[in-house]
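# Coordinates in review
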Amino acid sequence: MKVLVIGNGAREHALAWKLSTSPKVHKVFVAPGNGGTALDPVLSNVPIADLVALADFAAAERIDLTVVGPEAPLASGVVDLFRSRGLRIFGPTRGAAQLESSKAFAKDFMLRHGIPTARYAAFDDAQAAHAYIDRFGAPIVVKADGLAAGKGVVVATTVDQAHAAIDYMLSDNATVSHNAGQAQVVIEEFMAGEEASFIVVADGRHALALASSQDHKRIGDGDTGPNTGGMGAYSPAPVVTPAVHVRVMREVIQPTIAGMAAEGHPFTGFLYAGLMIDGEGRARVVEFNARLGDPEAQVLLMRLNSDLLDVLMAATDGHADGLRDLELQWDRRSALTVVMAAAGYPAAVRKGDVITGLPAGAEDLQVFHGATQHRDDGTLVTSGGRVLSVTALGEPLRAAQQRAYEALASIRFEGMQFRRDIGHRALGSP
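Residues numbered from 1 in each chain as written. Predicted model: local features only at pLDDT ≥ 70, side-chain atom pairs only at ≥ 80, totals over all residues. Heavy atoms only, no water.

## Looking at the sheet that holds strand β3 (residues 43-45)
In spatial order, the strands read β3-β2-β1-β4-β5; together these five strands make up an open sheet with parallel pairing. Unpaired on one side and paired on the other, β3 and β5 (89-90) mark the two borders of the sheet. Examined bridge by bridge, strand β2 (residues 27-32) and β3 share three bridges and lie parallel to one another. Counted as the bridge partner of F29 is S44 from β3. Its contacts with the sheet place helix α1 (residues 10-20) against β1 (2-7), β2, β3 and β4 (65-68), and it is angled at close to 170° to β1. Contacting β1, β4 and β5, helix α12 (residues 308-315) crosses the sheet at an angle of about 95° to β4. (Pairing = 2+ DSSP bridges. Helix = DSSP H or I, 4+ residues; strand = E, 2+ residues; numbered from the N terminus. Contact = heavy atoms within 4.5 Å. Axes fitted to C-alpha atoms, helices over the stretch in contact; angles between N-to-C directions.)

## Here we look at the pairing of β1
Counting buried positions over the six residues of β1 gives five, a clear majority of the element. Alignment of β1 against β2, held across six bridges, turns out to be parallel. Residue G7 lies in a different strand from β2, and its bridge partner there is P32. Viewed along the sheet, the connection from β1 through α1 into β2 turns out right-handed. (Buried < 20%, exposed > 50% of the residue type's maximum accessible area, 1.4 Å probe, protein only. Right-handed = clockwise from strand over helix to strand, strands pointing away.)

## Overview of the sheet that holds strand β18 (residues 334-341)
Reading across from one edge, β12-β15-β18-β22-β19 is the order of the five strands in this open sheet, with antiparallel pairing throughout. Taken across any chain shown, the strands that pair with only one partner, and hence form the sheet edges, are β12 (214-215) and β19 (365-369). This element, α1, spans β19 and β22 (386-394) of the sheet and lies at about 130° to β19. In this fold helix α13 (residues 397-408) packs onto β15 (232-235), β18, β19 and β22, with an angle of close to 30° to the strand it touches most, β18.

## Considering the environment of V339
Looking at where V339 falls in the secondary structure, it is placed in strand β18. With 215 residues separating them along the chain, V339 and D124 place their C-alpha atoms 35 Å apart. Apart from residues lying up to four places away in sequence, V339 is in contact with G230, M231, G232, P295, R386, L388, S389, Q417 and F418.

## Quick notes on the packing of α1 against helix α11 (residues 296-303)
In the contact formed by α1 and α11, the axes pass within 8 Å of each other and the chain directions differ by 15°. The angle between α1 and α11 places the two elements in the roughly parallel class. In the packing of α1 onto α11, the handedness of the crossing is left-handed. Contact residues: A10, R11, A14, L15, W17 and K18 in α1; A297, Q298, L301 and M302 in α11. For the contact of α1 with α11, the class distribution of residues is seven nonpolar, one polar and two charged. (Parallel < 35°, antiparallel > 145°, perpendicular 65-115°, else oblique. Left-handed = near helix turned anticlockwise from the far one by under 90°. Nonpolar A, V, L, I, M, F, W, Y, C, P; charged D, E, K, R; others polar.)

Okay, structure coming up:
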């Protein structure tokens, strides 16, 4: 079978790598891919970004399954386009992807269907938003309504920070997409607790839970500094106990799948619920993503023993049973990934720094490329913010942590930055 993976980040590298391990797959294309997928002899980069051109490519190559990695093409309707051409594709439609592409839609949806989340209000008027901040004070959370590559959230610890976030997100120069051309912010109450990522594969009717994982959003050690797209992750996450798992499936996932279907947008794809879990095991939704998380994908796909192709084909076969009778098999070892970011990230990112010292992949180690590319002379250089994800398996988690950091020690590029405490919530300081 031939598979096409859409995207160019570390998540897409991990998806392509995992799919290539299936004995049923003989070719994996990645569009447009990155420097790491170009280095892999079993993967082929396709320099196409236009969605119509991608559909043309999939039809001409007789691609058996297309898998969408990032949020932007989902929000632009790539799944709708492929389906209209009779092409098999895994991911939510544009309507279903609103769970991520519009935070206001997601919050209103949760309210309609009784899904636990924080108190909130949405504003397109800056004066009204500022008045809301003055009323409720800080700490408080300000979110851009549109897509922002994981960086459209400000957890304001002071009123001044909240006011500044509103001014930025409602300005014309904000680096977020504005739904229907209208800038909007969602302001939420601050939720205390521990965050975790709860991700499922959905077929429009059923949901199959992946292993638990936990992301590290802030740039600095000890969860300090601004939010990023993710600086590391590990799986499993101890905070997601069996009791929490059951509760989340019952109170969050199942109502979401049923609610989207009832509203005419059956959800097929990876559904990501970012959770805040309090000391009593109660979980509330921080956000929904309509795709596999990054860097959660890297640790989850390292641990997944089941054939990913079989799972995604079952989710897209259109049969009533779909995923209902499937069970996933997981490596008993833990996985941990450390993201290496470019100079300036997450603000003004510097590009073009030469990367050296990449360790060889192994059964318990993979380096998934994000923002990398090759110069004309073949030199590997940085091309964006999150450059590499050094991902290791080990038992216990401390062993995975040690393996990842030992592998990372040989890698060099100017201005590189990474956290030295990935896994600290489960382990304490490394």
